[in-house]
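Here is what each chain is made of, one letter per residue.
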Amino acid sequence: MNKIKKELKEFLEYKKDYKFVQKELIEKDECIYCEDILLKDIDRK
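Residues numbered from 1 in each chain as written. Predicted model: local features only at pLDDT ≥ 70, side-chain atom pairs only at ≥ 80, totals over all residues. Heavy atoms only, no water.

Okay, the overall build of the protein chain next. Regarding its fold elements, the protein chain presents one helix and three strands. Going residue by residue from the N terminus, the α and β elements of the protein chain occur as α-β-β-β. C-alpha atoms of the protein chain, sized along the principal axes, occupy 55 × 20 × 10 Å. When the 45 residues of the protein chain are sorted by exposure, 7% land in the buried category. For the protein chain, the accessible surface area stands at approximately 5000 Å², while carbon and sulfur atoms represent 55% of it. Between the averaged position of the 12 positive side-chain charges in the protein chain and that of its 12 negative side-chain charges there is a distance of 12 Å. (Helix = DSSP H or I, 4+ residues; strand = E, 2+ residues; numbered from the N terminus. Buried < 20%, exposed > 50% of the residue type's maximum accessible area, 1.4 Å probe, protein only. Areas by Shrake-Rupley, 256 points an atom, 1.4 Å probe, with all protein chains shown as cover. Lys, Arg positive; Asp, Glu negative; His and termini not counted. Charge placed at Lys NZ, Arg CZ, Asp CG, Glu CD.)

Shown next, in the form of structure tokens:
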């Protein structure tokens, strides 16, 4: 049980320092891009 508590504590410490960054989606000409990478193309679906 102590091992689980220790791992949980370490994980929570790690998680606290971690920052999630949402990438911006750009839609143009009916295509969707994320950081200049084509995600969805209306012609090729």
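Here the protein chain averages 81 in pLDDT, and 91% of its residues register 70 or above. Confidence scores differ between elements of the protein chain, with strand β3 (residues 37–40) showing the lowest mean pLDDT of 78 and helix α1 (residues 2–17) the highest of 87. (pLDDT = per-residue confidence, 0-100.)

Here we come to unusual backbone geometry. The phi angle at Asp29 is positive, at roughly 55 degrees, despite the residue not being glycine. Structurally, Asp29 is set in the loop between β1 (25–28) and β2 (31–34). Of note, the phi angle at Glu30 is positive, near 60 degrees, even though the residue is not glycine. In this fold, Glu30 is placed in the loop between β1 and β2. What makes Glu30 exposed here is its relative accessible area of 55%.

As a further point, take the sheet that holds β2. Overall, antiparallel pairing links the three strands, which are arranged β1-β2-β3 in an open sheet. The sheet terminates laterally at β1 and β3, the two strands that pair on one side only. On average, each strand axis in the sheet is tilted by 35 degrees relative to the strand beside it, whichever way the strands run. Sheet topology note: the β2/β3 ladder contains three bridges and is antiparallel. Across the sheet, the residue bridging to Tyr33 is Leu38, located in β3. (Pairing = 2+ DSSP bridges. Axes fitted to C-alpha atoms, helices over the stretch in contact; angles between N-to-C directions.)

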